[in-house]
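These are the residues of each chain, in order.
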Amino acid sequence: MSHDKKKQWLMKRPAQPVADLVSKLLNPVIERRAGMTLDLIASWDEIAGVQHAAQSRPEKLLWPRQASDDDPFEPATLVVACEGGHALFLQHDSAAIIARINTYFGFSAVARLKLTQKPIGRREERKRKKTIVLNESKRRDLNEMLEEVTEPKLKAALEKMGKGVFSEGSDNSS
C-alpha cells in the first residue's frame, strides 16, 4: 500500500477507544496464560459482589484435559487469589459466586473455586470517611464566608469543601 493510500485509509477509520485496542492486544495473552478473558477480570466487581471484590481477584481458569474430542465437557476450576482473612467469607459464598460466573459465561463453565491466600495489591484501600474537626476560629471564618449563600445544596457542598480546606490535618491549616 502506498503512503498516500495508507494515509487515506487511516483518515477514513473512525477513532477507537484505547480500552478496545488494549483489550484486543491483551485478551489473547490472558486467554493463553490464564485461560480466561479480560472481560471476566473487568467484571469481577459485579460477579463477586462488593463485599468480596476488594479482597479478591480471579487468577486463572484451570480446564481439565480431554483425552480426545469425544470426551464429555467438564467445567473448569477458577483460581481466585484473596486476602488471608477473607478466604473463609469467600469460601462461604462460593456457590453463589460460581452461579454468577456461569451466568456471566452463559453456560456451566466453572464447577468450583480454588482459593489461594495472598495479598491483593490491585486496589488502594478505600478511605473511610473521617470526622473533620475545625478549631473555633476556622469554623467562624467558614460560617462567615457562607453567610450570603442561600441555596441549601450549594451551601452544604461549599461547607463540606471548606471543612476539607480548613481542617486541622490539611496542609492549609496555618
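Rules used in this analysis
- Residues numbered from 1 in each chain as written.
- Predicted model: local features only at pLDDT ≥ 70, side-chain atom pairs only at ≥ 80, totals over all residues.
- Heavy atoms only, no water.
- Core = buried A, V, L, I, M, F, W, Y, C linked by side-chain atoms within 4.5 Å.
- Buried < 20%, exposed > 50% of the residue type's maximum accessible area, 1.4 Å probe, protein only.
- Helix = DSSP H or I, 4+ residues; strand = E, 2+ residues; numbered from the N terminus.
- Contact = heavy atoms within 4.5 Å.
- Axes fitted to C-alpha atoms, helices over the stretch in contact; angles between N-to-C directions.
- Left-handed = near helix turned anticlockwise from the far one by under 90°.
- Nonpolar A, V, L, I, M, F, W, Y, C, P; charged D, E, K, R; others polar.
- Pairing = 2+ DSSP bridges.

**Description of the nonpolar core**
Here comes step 1: If you look at the biggest cluster of nonpolar residues, it comprises 17 residues, and the most contacted ones within it are W44, L78, I97, I101, V110 and L113.
Here comes step 2: Listed by contribution, the elements that provide at least two residues to this core are α4 (44–48), β2 (76–82), α6 (87–92), α7 (94–105) and β3 (110–117).
Here comes step 3: Residues contacting V110, with those up to four places away along its chain left out, are L61, P75, A76, L78, I98, I101 and N102.

**Concerning the environment of A156**
Here comes step 1: Tracing the sequence through the fold places A156 in helix α9 (residues 152–166).
Here comes step 2: Owing to a relative accessible area of 44%, A156 belongs among the partly exposed residues under this scheme.
Here comes step 3: In this structure, the C-alpha to C-alpha distance between A156 and L146, residues 10 residues apart in sequence, is 9.4 Å.

**What about the packing of helix α8 (residues 136–145) against α9?**
Here comes step 1: The geometry of α8 relative to α9 is characterised by a closest axis approach of 10 Å and an angle of 145° between their N-to-C directions. Helix-helix and strand crossings are classified by hand; for α8 and α9 the assignment is right-handed. Residues K138, L142 and M145 of α8 form the contact with α9, whose participating residues are E159, G162, K163 and F166.
Here comes step 2: Per-class residue counts for the contact of α8 with α9 are 3 nonpolar, 1 polar and 3 charged.

**A few points about the environment of F73**
Here comes step 1: If you trace the backbone, F73 turns up in the loop between β1 (56–62) and β2.
Here comes step 2: Spatially, the C-alpha atoms of F73 and A109 are 9.4 Å apart, while their sequence positions differ by 36 residues.
Here comes step 3: What F73 contacts, discounting residues up to four positions off in sequence, is W63, Q66, F107, S108 and A109.

**Points about the sheet that holds β2**
Here comes step 1: Pairing within the open sheet is mixed, and its 3 strands lie in the order β1-β2-β3. Every other strand in the sheet has two partners, leaving β1 and β3 as the edge strands with one partner each. The sheet shows a mean angle of 25° between the axes of neighbouring strands, taken without regard to direction.
Here comes step 2: Sheet topology note: the β2/β3 ladder contains 7 bridges and is parallel. Its bridge partner being in β3, T77 is matched across the sheet by R112.

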